[in-house]
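Descriptive analysis of the structure
Given next are the chains, with one letter for each unit.
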Amino acid sequence: NKAVQTFAGKYNAGVVTYDANSASGIIEANAKSFGIAAIPAYDFSKANVIVSFGADFLGTWLSPVEYATQYAAGRKLSKSKKQMSRHYQFETILSTTGSNADFRTAIKPSQAGLIVANLYNLIAAKAGAATLNVGEVKDIKNLQKAADDLFANKGKSLVVSRSNDPNVQLIVNGINNLLGNYGNTLSISNSANYRKGSDASFAKFVEELKGGNVGAVVFLNANPVYNTPYGSELKTLLAKVPVKVSTADTPDETAALCEYIAPDHHYLESWADASPKK
């Protein structure tokens, strides 16, 4: 990261980061809520009550190996631990996480954001806080029960969502804040570094390509022609860029369009200096 920033500073270059499996909504929401554009550190082992809206945290969401270990600790009983965590899952398609939930509710994708807002209102009403001006959803099984359980376990609960809409994630932040979960079951100060992508900055990059404002581009461990929604557009737009460099060690879809190939070290040649968390 430091090398990239040094290069960018010397040549007045913009740095665009994206994730093939985007978590930009969480990152944008945290930037608005806390001024920190990052994913929080979640600790499912400290949560007596877990509510997930489509987040398959045991299978595919963000850091499932880490979360599965935490989740298992919260579900395991011992002489000193007489009660396991309770888990509510609201989702459309059955996931690994949903199959392990104590209470699983099938919902329509179109309802997901509104249901999160309704959960906020149920908890806000209990806390004496202002509610959101949104329509009420009815007959959502286990929603009231989840709200009651969460409020009874303030500071020892956790609400997560896989939504990539920053507005939904802002409401999720609000729920966890009302419940006093920050600093207990999740931490923004000890944020994760493994997702830094910004959908907005990548969209801006594409617009700059369309305007002919990019003189050179370096693709560092990135193959956006293959793994972004702009793939077909990029094939055409990159032809207008005078200088294109890829660090790929194989002729992938993006490297095939570049004049210069400067292969980076592969994983057996370098340990690199990745830091998943601080």
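What this report covers is the structure whose coordinates are included nearby. (Residues numbered from 1 in each chain as written. Predicted model: local features only at pLDDT ≥ 70, side-chain atom pairs only at ≥ 80, totals over all residues. Heavy atoms only, no water.)

1. What to know about the sheet that holds strand β4 (residues 103-106)
Judged by pairing direction, the sheet is parallel, and its 4 strands sit side by side in the order β4-β3-β2-β5 without closing on themselves. Here the strands that pair on one side only, and so sit at the sheet edges, are β4 and β5 (157-161). This sheet shows a mean twist of 10 degrees between the axes of neighbouring strands, independent of strand direction. Of the strand pairs in this sheet, strand β2 (residues 49-53) and β5 are connected by 5 bridges, and their pairing is parallel. Residue pairing across strands places I50 opposite L158, the latter belonging to β5. (Pairing = 2+ DSSP bridges. Helix = DSSP H or I, 4+ residues; strand = E, 2+ residues; numbered from the N terminus. Axes fitted to C-alpha atoms, helices over the stretch in contact; angles between N-to-C directions.)

2. Description of the pattern of salt bridges
Pairing between side chains of opposite charge can happen when their charged atoms approach one another. With the rule as written, the count across this model stands at 8 salt bridges. Of the charged contacts, one joins K210 and E207 as a salt bridge, the two residues approaching to 3.4 Å between their closest N and O atoms. Taken together, the residues span about one helical turn, with K210 and E207 both in helix α8 (residues 199-210) at a distance of 3 residues. Linking K210 and E233 is a salt bridge whose minimum nitrogen-to-oxygen distance equals 3.0 Å. Of this pair, K210 sits in helix α8 while E233 is found in helix α10 (residues 231-237), placing the two residues 23 residues apart along the sequence. The network of salt bridges with shared partners includes E207, K210 and E233. (Salt bridge = Lys/Arg side-chain N within 4 Å of Asp/Glu carboxyl O.)

3. Some details on the packing of aromatic side chains
The final tally for this structure, using the stated rule, is 14 aromatic pairs. Ring geometry for Y42 versus Y67: centroids 6.0 Å apart, planes at 85 degrees, classification edge-to-face. Linking Y42 in strand β1 (residues 39-42) with Y67 in helix α3 (residues 64-75), this pair joins segments that are 25 residues apart in sequence. A residue is classified by how much of its surface remains accessible, and Y42, at 6% relative accessible area, is buried. (Phe/Tyr/Trp six-rings, centres within 6.5 Å; stacked < 30°, edge-to-face > 60°. Buried < 20%, exposed > 50% of the residue type's maximum accessible area, 1.4 Å probe, protein only.)

4. Let's talk about the side chain of T185
Examined against the element boundaries, T185 turns out to sit in the loop between α7 (166-178) and β6 (186-192). The residues touching T185, leaving out its near neighbours within four places in the chain, are A41, Y42, D43, K46, A47, G155, K156, S157 and L158. (Contact = heavy atoms within 4.5 Å.)

5. Let's talk about the sheet that holds strand β7 (residues 216-219)
With respect to topology, 3 strands assemble into an open sheet ordered β7-β8-β9, the strand pairing being parallel. The open sheet has two edge strands with one neighbour each: β7 and β9 (260-261). With 2 bridges connecting them, strand β8 (residues 243-246) and β9 associate as parallel partners. What sits directly across from S246, in β9, is I261.

6. Here's the deal with the packing of helix α5 (residues 112-127) against α7
In the contact formed by α5 and α7, the axes pass within 10 Å of each other and the chain directions differ by 25 degrees. Classified by the interaxial angle, the pair formed by α5 and α7 is roughly parallel. Here α5 runs over α7; the crossing is left-handed. Contacts between α5 and α7 pair G113, V116, A117, L119, Y120, I123, A124 and A127 from the former with V168, I171, V172, G174, I175 and L178 from the latter. Broken down by class, the residue content of the contact of α5 with α7 amounts to 12 nonpolar, 2 polar and no charged. (Parallel < 35°, antiparallel > 145°, perpendicular 65-115°, else oblique. Left-handed = near helix turned anticlockwise from the far one by under 90°. Nonpolar A, V, L, I, M, F, W, Y, C, P; charged D, E, K, R; others polar.)

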